Structure formats: structure tokens, C-alpha cells
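Spelled out, the chains give:
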Amino acid sequence: MKKALLAATVVASALAAALITAPAANAGDRSAIPFTEATVTAGADGSFTLEWKAPGTGRVEIRANGKVVAKGGAQGRAVVTGLPAADRQWFDFKAQHGQGLRLADRLVKLDGTANFRDAGGYRTATGQWVKMGEVYRSDALNRLTPADLATLRRLHVRTVFDLRMEDERTKDADKVPVGAAYVVADVFAGSGSFQTMPRTPDEAVKAMVDAERAMVSGAGGKKAYAQVLEGIERDRHRDRSVLFHCTAGKDRTGWANAALLTALGVPRQTVEADYLASNDYRKAANDAILSHLPAQQAAVYKPLLDVRPEYLNAGYDEVRATYGSFDRYLEDGLGIDARELKQLKKDLLVG
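Read on for an overview of the structure. (Residues numbered from 1 in each chain as written. Predicted model: local features only at pLDDT ≥ 70, side-chain atom pairs only at ≥ 80, totals over all residues. Heavy atoms only, no water.)

**Considerations on helix 11 (residues 309–323)**
Working step 1: The end-to-end C-alpha distance of helix 11, which contains 15 residues, comes to 21 Å, matching closely the 21 Å that a straight helix rising 1.5 Å per residue would cover.
Working step 2: Buried within helix 11 we find Y311, L312, A314, G315, Y316, E318, V319 and Y323.
Working step 3: G324 lies just past helix 11 and shows a positive phi near 90°. (Helix = DSSP H or I, 4+ residues; strand = E, 2+ residues; numbered from the N terminus. Expected span 1.5 Å × (residues − 1). Buried < 20%, exposed > 50% of the residue type's maximum accessible area, 1.4 Å probe, protein only.)

Right, dumping it as C-alpha cells:
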């Protein structure tokens, strides 16, 4: 099981997951962000597709590099071409009233990763938005090239949390930007997880569900995710971006981002969409692994390579069973008190 679940990364290419509509902000609040949906999707040809909804506003203008690249009404779609090459191309969405949004394609294209993406760019249930360019999530970093490391440096990644087990860290040691702090936050430390290989697809699914529960209530998981959330809250005071990752960037990393987004007030449906997006970003890598296996073995391995709603739901179910509510999980399980949560929201939300 370990070999399948923790398979080495293969460079893949997949484009951004759609944002899910959240409840509209109070129409009477002219200072709020009027956008209920907004996405930037990079095309393989260098183009960018911009889509937005801003109910109640008559005009939307979008700028890139200080220049207007698209205009429209309360709802629109535009394809932008001819922009200069950049680590990330940023777009400033501005309606005729209220605060604007600064967005980019969620995927950060690197030569040595398949699933390196921005943790933000989502709307909360109260109409605020999670800032982009602050927190990143990824698969393994052992294949990063010098150019990749230079990109991370320019993205101000100054703290890297490694959620992997000891043997993973030893076999495929991280490459991190010069000057970045490297922090071991082993989710399964001391858990004894992944000692036996499942023999059937059903056993594989059960193993994934059990692992998700262990991330929530296991000692290693509680310590690791506390480190990550506290590190994000601490580093945002110093204008430093934070990166957390595991091997495939989907399970341990997936729960880390689900916990962060849930703490910030992002709706469950949106959190699930972000979690499931790993299936798209990792499709080429997973298909390559399965194509080299006999059919019967591939059937067992596929649940280990997937992310599925039932896996994420198992984490939330464990939160409810063990702590009663997500707020209690944050405080009693991870030690994130009301003051720290308030500061986290202040640092990472706009609107």
C-alpha cells in the first residue's frame, strides 16, 4: 500500500478547478467584495480565461500588469492573450463598487511537481475571499529544478512544512529555496500506518478512510496540523509565504488545506471541490502508474491514488465524533484558540 499511496511524482499538466458559488454578500454593503464567483484559468497556449459574477453591479474591469485587459457587466467571460511570461500572471478584478480581487491561476507550473497550487482564491460563506499568493500546497519537492527553486524564492516561500513519514523524507529528500525554513510535520509519526498492502479494492478504500480518520485524531496528525496552522498564522506577520506538502499532495496535504479553508469559513462544497481537484492535477501521473500494473493489481491501487468524497467525509466524521464540532477540533485538537483563529482570518481574508 505504501508504495502505491506514496508513489513518486510524475510531472503532469492540468488546469484550474472551478470555484463554487457561495451566498451573496449583503447587497447594502458597498464596501464588501461584490464578486460571488471569479476564476482565472491558464490555457496551454499561454492564454487566460477570466470568468466572473458580481450581482448588482453594472460594470467590471480587469487589469493585468497595470493595463485593462477585459471589461464587462455583472457576469462575464473573457480570454486574454499576449501577456508577457511570468512565474504567475496576476489579474485585478474590480467592479464599479466595493473591494476588488487579485487572482491568478491556482496551479503554479513547475518542472518538478504535478500538484503545486495556491491554497487560496475561494469565497467564504460570509462573502470574504481567501487571499492568493499567501499559502501553497504541493506534492513532493525532491525533483525541483534550480529554476523551480528560483521561482519559489520569487514567490516568497520562506517556510516549508514536510508532512511525510521518515522513510519518505530519507528516500526523497526535499529541495527547498535558499533561506527557507524546513519543518518536519510528520502526520503519521508513531501511528504504524501503511504496514500492510490491501488485497482488494474494498480493502484499499477502507485503508484510505482509516488513514483520513487517523489524520484527525492521531497524535501525529494533531501535532503536524497544529504546526502548519500555527506556522501560517506566525509567518503571515512577516510577509512570508508558507508551503505544506506530502508525496502526492492529495491526502495529508488535502486535509491540511481542508482544515485551513474550513477554519476560514469556506463552504464545505467548495472545500470538497478543492480536495477533489487533485484527481485532475494528478491524472497523468496516476494513469502512468496504473498503466504499468496488471489489471487486478491496478484495481487495488486505484483507490490509493484517488481522492474521493468518502475519504474527506471520513475526516469530517472523525472531527464530529471526537470533538463535536470543527471549532472544538481547532481548539482542543490543534490548540488554535479564538484569538489565533481571529488573527488567521485577519491575515488571510479580504472583504
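**Brief notes about the pattern of salt bridges**
Working step 1: According to the stated counting rule, one finds 23 salt bridges in the structure shown.
Working step 2: Between D274 and R137 there is a salt bridge whose closest N-O contact spans 2.9 Å. Here D274 is found in helix 7 (residues 268–276), whereas its partner R137 is found in strand 10 (residues 135–138), with 137 residues between them in sequence. Each member of the pair D274 and R137 is classed as buried. (Salt bridge = Lys/Arg side-chain N within 4 Å of Asp/Glu carboxyl O.)

**Some thoughts on the packing of helix 4 (residues 201–217) against helix 10 (residues 295–305)**
A pair of packed helices is characterised by two quantities: the angle between their axes and the separation of those axes.
Working step 1: Where helix 4 meets helix 10, the axes come as close as 8 Å, and the angle between the chain directions of the two elements is 20°. Regarding the angle of helix 4 to helix 10, the classification is roughly parallel. Handedness of the crossing formed by helix 4 with helix 10: right-handed. Here P201, A204, V205 and M208 of helix 4 come into contact with helix 10, specifically with A299, V300, P303 and L304.
Working step 2: Taken together, the residues that form the contact of helix 4 with helix 10 break down as eight nonpolar, no polar and no charged. (Axes fitted to C-alpha atoms, helices over the stretch in contact; angles between N-to-C directions. Parallel < 35°, antiparallel > 145°, perpendicular 65-115°, else oblique. Left-handed = near helix turned anticlockwise from the far one by under 90°. Contact = heavy atoms within 4.5 Å. Nonpolar A, V, L, I, M, F, W, Y, C, P; charged D, E, K, R; others polar.)

**Brief notes about the packing of helix 6 (residues 252–264) against helix 11**
Working step 1: Following both chains from N to C, one finds helix 6 and helix 11 inclined at 55°, their axes separated by 11 Å at the closest point. When the interaxial angle is binned, helix 6 and helix 11 end up oblique. Crossing angle aside, the handedness with which helix 6 passes helix 11 is right-handed. Note on element contacts: helix 11 touches helix 6 through L312, G315, Y316 and V319, opposite W255, A258 and T262.

**Observations regarding the sheet that holds strand 2 (residues 48–53)**
Working step 1: What the three strands build is an open sheet, ordered 1-2-5; its pairing is antiparallel. Of all strands in the sheet, those with a lone pairing partner are strand 1 (37–42) and strand 5 (75–80), marking the two edges. Here the strands of the sheet are splayed against their neighbours by 10° on average, with no regard to which way each runs.
Working step 2: Direction of pairing for strand 1 relative to strand 2: antiparallel, over a ladder of six bridges. Opposite E37, over in strand 2, you have K53 as the bridge partner. (Pairing = 2+ DSSP bridges.)

**Side note on the nonpolar core**
Working step 1: Counting 60 residues, the largest nonpolar core has Y225, I232, W255 and Y329 as its most contacted members.
Working step 2: In terms of residue count, the dominant contributor to this core is helix 6 (eight residues).
Working step 3: Among all residues touching I232, those that are not within four sequence positions of it are V135, V242, F244, L260, L344 and L348. (Core = buried A, V, L, I, M, F, W, Y, C linked by side-chain atoms within 4.5 Å.)

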